[in-house]
Every structure is written in structure tokens, then in C-alpha cells.
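Descriptive structure summary
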Amino acid sequence: MAILKIAQMGNPILRAVAKPVQESEIKTKDFQKFLQDMVETMREHEGLGLAAPQVHHSIRVSVIEMRKSNPDEQDYPNNNDKEPPKIYVFINPEIKPLTKETNSYWEGCLSVPGLRGLVSRPGKVNIKYLDENGKKCELTAEGFFATILQHEFDHLDGKLYIDRMTDMTKLAFDAEFEKYWLPD
Ligand code: ZN
């Protein structure tokens, strides 16, 4: 396994529309190793999620890990002390908002280090995707999990969370976020 280098804002690969993965490719050794590397890279940087363009691969793949340390952990599925962190692999995801109502969360991004921004996104989404075995899956997500999914899948379309912000007074450096904006 290997820690992959993270592309930072300004790198054009973050602004490209990523290509779908060929289903025949999913079970190959190289692709499975790439998935492992993505998970390892996400953990190394303590990210909640990572999209392939962020590690210089312009393909429609994202990994997300449910972790206890997040203040919005109650929104995570399968989140209780008895269960280990759950890793999701999303290949060629399609996302559909299920509500016009929005939730606002402070987002951060490994490709936009040192900053946080408040973003409003639909509060409930349905997604269809292939998992790491190429199996067709579907899930419905709400709350913070729905936001993470939308953030990660935006990367596959060349979008960053700052593009989704409507109030730039809610863009903050990490230290100022913690000082002025961190929810109690
Ligand atoms: Zn991101």
C-alpha cells in the first residue's frame, strides 16, 4: 500500500470531469490496490472522505469512512461503539436529491487545506453506485452523511465546496473557525 499525493486547489485535475470506471476493471489487482491506497491516504490525512481526482486520478471513485471523532457523528449510519469504522467505496455514483430542504454544515477539504466554509446542500439524497466488488448498490442518506456524499461526488464533476458557498463571510481559517464558529 502507499500514501498518495494530494492535489491542492489550483491543480486543474480538481476541475476536470472525471471518467467512469469500466466495470471489467474493478476486480483487477491494480484497481483494488488503488482503492486500498485511497483508504490509506484518507486515514493518513484524517479525512472523512477522498475522491480519486484528489489523488491525481481522474476517475469516478470516492471513499468515505464513518468515524467517531466528528461532532455530527449522530448522523452517521451504523455508528455505535460496538461497530468498527465503516468504509464505503463508491464507484460511478449517481446522486439524486430527495428534498429541497437544505442542511448547512461547515466543510473542509484535503485539497483546500487550512480552511473551513459553511455550505448548504439538500438534506436527503439517494445514491446508486457500484461497490468495491462491482456490486450494484443503492442507499439513502440524510444529515451530515448526505453532505459528505455530495461534497465527495462534486469532486468527480470538478467542483469544490467553495463553489457551493453563498456567503463568503463564512469562509474561515481553521484557527478562526475554532475560535468564532465552532458549534458548542
Ligand atoms: Zn474535498
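Structural data are supplied above this passage.
Residues numbered from 1 in each chain as written. Predicted model: local features only at pLDDT ≥ 70, side-chain atom pairs only at ≥ 80, totals over all residues. Heavy atoms only, no water.

Some points on the environment of Leu118
Selection rule: Strands are runs of DSSP state E lasting at least 2 residues, helices are runs of H or I lasting at least 4, and numbering of each runs from the N terminus. Only protein chains enter the calculation, and the probe is 1.4 Å; a residue is then buried if its accessible area is under 20% of its type maximum, exposed if over 50%, and partly exposed in between. The contact criterion used throughout is that any non-hydrogen atoms of two residues lie within 4.5 Å.
If you trace the backbone, Leu118 turns up in strand S5 (residues 112-122). Residue Leu118 is classed as partly exposed on the basis of its relative accessible area of 25%. Taking the C-alpha atoms as reference points, Leu118 and Ser104, 14 residues apart in sequence, are found 6.4 Å from one another. Apart from residues lying up to four places away in sequence, Leu118 is in contact with Ser104, Tyr105, Trp106, Met165 and Lys170.

Re the sheet that holds strand S2 (residues 61-65)
Quick reminder of the rule: Pairing between strands requires that DSSP locate at least two bridges from one strand to the other. Every angle, taken between N-to-C directions, lies between 0 and 180 degrees, and every axis is a line fitted to C-alpha atoms, over only the stretch in contact when it is a helix.
Pairing in this open sheet of five strands is antiparallel, and the strands run S1-S2-S3-S6-S7 from one edge to the other. If you trace the sheet from one side to the other, it starts and ends with strand S1 (49-51) and strand S7 (136-142), each paired once. Pairs of neighbouring strands in the sheet enclose a mean axial angle of 40 degrees, with direction left out of account. Bridge count between strand S6 (residues 124-130) and S7: seven bridges; the pairing is antiparallel. Looking across to S7, one finds that Lys128 is bridged to Glu138. Sheet strands touched by helix H1 (residues 29-44): S1, S2 and strand S3 (87-97). Its angle to S2, the strand with the most contacts, is close to 45 degrees. The sheet contacts of helix H2 (residues 143-156) involve S1, S2, S3, S6 and S7, and relative to S7 the element is tilted by about 125 degrees.

Things to note about the coordination of the zinc ion
Put simply, the rule is: The rule for donors is simple: an N, O or S atom within 2.8 Å of the metal counts, and for Na, K and Ca the reach is 3.2 Å. Water is not among the atoms, so a site may look short of donors.
Note on the zinc ion: its protein donors are Cys109 (SG), His151 (NE2) and His155 (NE2). The metal-donor distances range over 2.0 to 2.3 Å. One chain supplies every donor for the zinc ion, spaced along it as C-x41-H-x3-H. Of this pair, His151 and His155 both sit in helix H2, four residues apart, roughly one helical turn. Owing to a relative accessible area of 8%, His151 belongs among the buried residues under this scheme. Take His155: its relative accessible area is 1%, and that puts it in the buried class.

A look at the sheet that holds S5
Reading across from one edge, S4-S5-S8 is the order of the three strands in this open sheet, with antiparallel pairing throughout. Taken across any chain shown, the strands that pair with only one partner, and hence form the sheet edges, are strand S4 (102-109) and strand S8 (171-173). Sheet twist, expressed as the average angle between the axes of neighbouring strands with direction ignored, equals 20 degrees. Here three bridges tie S5 to S8, and the two strands are oriented antiparallel to one another. When the bridges of S8 are listed, Arg116 appears paired with Ala172. Against the sheet, H2 makes contact with S4 and S5, and its axis sits at roughly 55 degrees relative to S4, the strand it touches most. Set on the sheet, helix H4 (residues 174-181) makes contact with S4, S5 and S8; between it and S8 the angle comes to about 110 degrees.

What to know about the pairing of S7
Of the two faces of S7, only one is covered, namely that formed by Cys137, Leu139 and Ala141; the face formed by Lys136, Glu138, Thr140 and Glu142 stays uncovered. Between the antiparallel neighbours S6 and S7 lie five residues, among them Gly134 with a positive phi of about 85 degrees.

Section: the environment of Leu110
Relative to the helices and strands, Leu110 resides in the loop between S4 and S5. When the C-alpha positions of Leu110 and Glu46 are compared, they lie 9.0 Å apart, and in sequence the two are 64 residues distant. Apart from residues lying up to four places away in sequence, Leu110 is in contact with Ile6, Gln8, His45, Gly47, Gly49, Leu50 and Gln54.

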